[in-house]
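Next come the chains, spelled out residue by residue.
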Amino acid sequence: MQDNNNTIAGWVLFAGIVALGGTLVAGSYFAAERPEKMGYPIEGVVEEGAGGAEAEQPIEFYLASADVAKGAEVFKKCQACHTVDQGGANGLGPNLWATYGKPHGHVAGFAYSDALKGVPGNWDWKGMSDWLANPKAYAPGTKMTFAGLSNPVDRANVMAFLNSKSDAPLPLPAAPVASTPGAAEDKAASEADDAGGQKAENEPVLTEQEALKGGTANIRGEGAPKVTAPGTTAAPAPKQ
Ligand code: HEC
């Protein structure tokens, strides 16, 4: 008996040592690296910043729901250099009354940079958006020392506000259909509805679930697999 107890104690001690050793070895193999970013990413949540910028829509998308009053707020950032009312004085920057549709550098007598005057074409939605997002990229060498409005919503709002400061404001562009994910399909679906959608609604439709429930009984034709579940016969399904 005495001997037996010692043997048992020995094995328990041995097992403990093995377990401890295992933990140490495993620990060094599976050393947990501290993740760069703590927390779990949540699928489908767009982060602001680098990722969000990629997902930016064309400016027409934001213009479609632009808010002139909010644009007036944004324009406070421009007021240090610009007036916008008709006949307003030029400051560091030119008066901005009725700019759309005019050539770059539209105020006669203002000393524009060659950089801006040299940009071909007239001010349109796309051009104004690119300009306000990053003036230096739009007209390298411009005198407008303004960093730019990176937020497309701010840009659209201030663009709508500028547009309102004119004898003949342009209609705001409609949201481009193709750029809104899902909109194209929605449109196709609604067109399909118009063309006989009513009829299709009343016809029986076999959903995937129903097809699965029915098993192979619903699969007909030459290509249908001749599968019989174990324990059932190949007899035709009973009539209802
Ligand atoms: C630090 C002063 C400054 C600020 C702030 C500023 N601008 Fe300008 N802006 C200028 C100057 C200077 C020019 C002329 C640029 C050139 O000739 O290269 C200009 C030109 C423009 C033009 C071109 C006008 C034309 O006749 O072609 C537009 C449009 C414009 N600014 C809009 C804005 C808007 C909108 C804001 C605010 C979001 C803004 N600017 C902020 C100084 C400024």
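This text goes with the structure placed above it.
Undergrad: Would you explain the site of the ligand in this entry?
TA: Around the ligand, 25 residues are found, and the nearest of them are C78, C81, H82, Y112 and M144. Y112 places a polar side-chain atom, nitrogen or oxygen, 2.5 Å from an oxygen atom of the ligand. S113 is positioned with one of its side-chain polar atoms (N or O) 2.5 Å from an oxygen atom of the ligand. Across the shell around the ligand, the residue classes tally to 15 nonpolar, eight polar and two charged.

Undergrad: I keep staring at the packing of helix 6 (residues 125–133) against helix 8 (residues 152–164) and nothing clicks. Help me out?
TA: Two quantities define a packed helix pair, namely the angle between the helix axes and the distance between the axes. The geometry of helix 6 relative to helix 8 is characterised by a closest axis approach of 10 Å and an angle of 125 degrees between their N-to-C directions. Classified by the interaxial angle, the pair formed by helix 6 and helix 8 is oblique. Regarding helix 6 and helix 8, the two cross each other, and that crossing is right-handed. Touching W125, M128, S129, L132 and A133 of helix 6 are R155, V158, M159, L162 and N163, all from helix 8.

Undergrad: Teacher, can you tell me more about the nonpolar core here?
TA: In this structure, L63, F75, M128, W131, L132, M159 and L162 are the most contacted members of the largest nonpolar core, which totals 30 residues. A per-element tally of this core places helix 8 first, with six residues. What W131 contacts, discounting residues up to four positions off in sequence, is L116, W123, Y138, A139, T142 and M144.

Undergrad: Explanation requested: the coordination of the iron atom of the ligand in the structure shown.
TA: Each donor-metal-donor angle would ideally measure 109.5 degrees in four-coordinate tetrahedral geometry, or 90 or 180 degrees in six-coordinate octahedral geometry. Coordination of the iron atom of the ligand by the protein comes from H82 (NE2) and M144 (SD), over a distance range of 2.0 to 2.1 Å. Around the iron atom of the ligand sit six donor atoms; with metal-centred angles ranging over 85 to 177 degrees, the donor geometry is octahedral. With H82 in the loop between helix 4 (68–74) and helix 5 (114–117) and M144 in the loop between helix 7 (135–138) and helix 8, this pair connects stretches of sequence that are 62 residues apart. Note on accessibility: H82 and M144 belong to one class, buried.

Undergrad: What is the right way to read helix 8 from this model?
TA: In an α-helix, one full turn covers 3.6 residues, which means residues spaced three or four apart are oriented alike. The end-to-end C-alpha distance of helix 8, which contains 13 residues, comes to 18 Å, matching closely the 18 Å that a straight helix rising 1.5 Å per residue would cover. Burial analysis of helix 8 places ten of its 13 residues in the buried class, the great majority of the element. Looking at helix 8, one finds that the buried residues are P152, R155, A156, N157, V158, M159, A160, F161, L162 and N163. Elements that come into contact with the buried residues of helix 8 comprise helix 3 (59–63), helix 4 and helix 6. A side-chain oxygen of the first residue of helix 8 lies 2.8 Å from the backbone nitrogen of V153; this N-cap is N151.

Undergrad: I keep staring at the pattern of salt bridges and nothing clicks. Help me out?
TA: Going through the model one piece at a time under the given rule, you end up with four salt bridges. Among the ionic pairs, K76 bridges to E73, the shortest N-O distance being 3.1 Å. According to the relative accessible area criterion, E73 is partly exposed, its value standing at 48%. Ionic pairing is found between K126 and D130, a salt bridge with its closest N-O pair at 2.6 Å. Residue K126 and its partner D130 are both found in helix 6; the two are separated by four residues, about one turn of the helix. Of the residues examined, D130 reaches a relative accessible area of 32% and is grouped as partly exposed.

What counts as what
Residues numbered from 1 in each chain as written. Predicted model: local features only at pLDDT ≥ 70, side-chain atom pairs only at ≥ 80, totals over all residues. Heavy atoms only, no water. Near = heavy atom within 4 Å. Polar contact = N/O pair within 3.5 Å; in protein donor to acceptor, adjacent residues only side chain to side chain. Nonpolar A, V, L, I, M, F, W, Y, C, P; charged D, E, K, R; others polar. Axes fitted to C-alpha atoms, helices over the stretch in contact; angles between N-to-C directions. Helix = DSSP H or I, 4+ residues; strand = E, 2+ residues; numbered from the N terminus. Parallel < 35°, antiparallel > 145°, perpendicular 65-115°, else oblique. Left-handed = near helix turned anticlockwise from the far one by under 90°. Contact = heavy atoms within 4.5 Å. Core = buried A, V, L, I, M, F, W, Y, C linked by side-chain atoms within 4.5 Å. Buried < 20%, exposed > 50% of the residue type's maximum accessible area, 1.4 Å probe, protein only. Donors = N, O, S within 2.8 Å, 3.2 Å for Na, K, Ca; no water. Tetrahedral: all angles 85-135°; square planar, octahedral: opposite > 155°, others 65-115°. Expected span 1.5 Å × (residues − 1). Salt bridge = Lys/Arg side-chain N within 4 Å of Asp/Glu carboxyl O.

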